Amino acid sequence: MKAYKTFIGLIALNYIAFGGFLYFFQDFFLYHPTPYIAHPGLLEKDIRVEDGTNIKLFVVNPGHGRAVLYFGGNAEAVGFNAPRFTEVLPEKTVYLINYRGYGGSNGEPSEAAFYSDALSIYDRLKPLHTEIAVIGRSLGSGVATYLAAQRNISRLVLVTPFDSIENVAQKKFPFFPVSWILTDSYDSLARATKIKIPVLILAAENDRIIESWSTDNLIAGFPERQREVHVLPDSDHNSISLSPSYYRIIGQFLDVKSNK
């Protein structure tokens, strides 16, 4: 009996220890800031947001009335998208946003900060443009859905999106109360009903990071008439943008002018 109690005690201790590890190191799993990478010839713009943090943007095709905000994936150096966006969106100004803590932007990453920064950036840029569309990839899809639910966005593109980080984490760690552990949940599904604009969703056929069930849950949150969905074959979470049709599909979707 004593050995049994010792065994149960060790299991309980390990359970609590691993739960504590998940709590205290959750930012390590969720955020992987990229260093600043210079892109000669690419315009840079700094925006000081509400709390004084400086956010760095790369600007593609400056000077157009219609604009696109791009929120990248975790560990993505967003500036490398510039050449292809220059080609497929020649009549739009594209802002590639480096999150706080990423790519030369100041500050520390967090869900609340990313949301606040997105609102500040939109509010600063909207007077310069007739309409603004938004692209969010992976982690950025959570920021993009938040902004689309809060501001007047013309069109929304979600690349390898999830329903919520909480649901994704719960699936990976089913024996832990993830809702108690996570501080950042990025619940895009909860915002889907507030988004009334056309939505393009691009999923990777072989995505092992955001599994299809999570993306499918989010897709189901949008009315069928509102959404356009493409599953790109022979691609995974990180290689989807290398698919021959990736940029073409985005360009065609965003080339439609808003009726507002």
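The structure contained in this document is the topic of the report that follows. (Residues numbered from 1 in each chain as written. Predicted model: local features only at pLDDT ≥ 70, side-chain atom pairs only at ≥ 80, totals over all residues. Heavy atoms only, no water.)

### Comments concerning the nonpolar core
Among the nonpolar cores identified, the biggest contains 45 residues, and Leu-69, Phe-71, Leu-147, Leu-156 and Tyr-186 are the most heavily contacted of them. Sort the elements by how many residues they give to this core and helix α4 (residues 111-125) lands first, with seven residues. Excluding anything up to four places from it in sequence, Leu-147 contacts Leu-69, Phe-71, Ala-118, Leu-119, Tyr-122, Val-134 and Ile-153. Counting residues in hydrophobic clusters, the runner-up holds 26 residues, among them Tyr-70, Phe-85, Leu-200 and Ile-250. (Core = buried A, V, L, I, M, F, W, Y, C linked by side-chain atoms within 4.5 Å. Buried < 20%, exposed > 50% of the residue type's maximum accessible area, 1.4 Å probe, protein only. Helix = DSSP H or I, 4+ residues; strand = E, 2+ residues; numbered from the N terminus. Contact = heavy atoms within 4.5 Å.)

### Looking at helix α5 (residues 139-150)
Taking burial as the measure, the 12 residues of α5 include 10 buried ones, the bulk of the element. For α5, the complete set of buried residues consists of Leu-139, Gly-140, Ser-141, Gly-142, Val-143, Ala-144, Thr-145, Tyr-146, Leu-147 and Ala-148.

### Some thoughts on the packing of aromatic side chains
Across all of its chains, the model carries 10 aromatic pairs by this definition. Relative to Phe-114, the ring of Tyr-31 lies with its centre 5.6 Å away and its plane at 80 degrees, an arrangement referred to as edge-to-face. Of this pair, Tyr-31 sits in the loop between α2 (26-30) and β1 (43-48) while Phe-114 sits in helix α4, and the two are 83 residues apart along the sequence. For Tyr-31, a relative accessible area of 5% puts it in the buried group. Their ring planes at 70 degrees and their centres at 6.4 Å tell us that Tyr-102 and Phe-114 sit as a pair that is edge-to-face. Separated by 12 residues along the polypeptide, Tyr-102 in the loop between β4 (93-97) and α4 and Phe-114 in helix α4 bring together distant segments of the chain. The exposure class assigned to Tyr-102 is buried, which follows from its relative accessible area of 2%. One aromatic cluster in this structure is built from Tyr-31, Phe-71, Tyr-99, Tyr-102 and Phe-114. Here the guanidinium or amino end of Arg-155 rests over the ring plane of Phe-253, the centre of that ring lying 4.5 Å away. (Phe/Tyr/Trp six-rings, centres within 6.5 Å; stacked < 30°, edge-to-face > 60°. Lys NZ or Arg CZ within 6 Å of the ring centre and 35° of its normal.)

That's the geometry; what it means functionally is another story.
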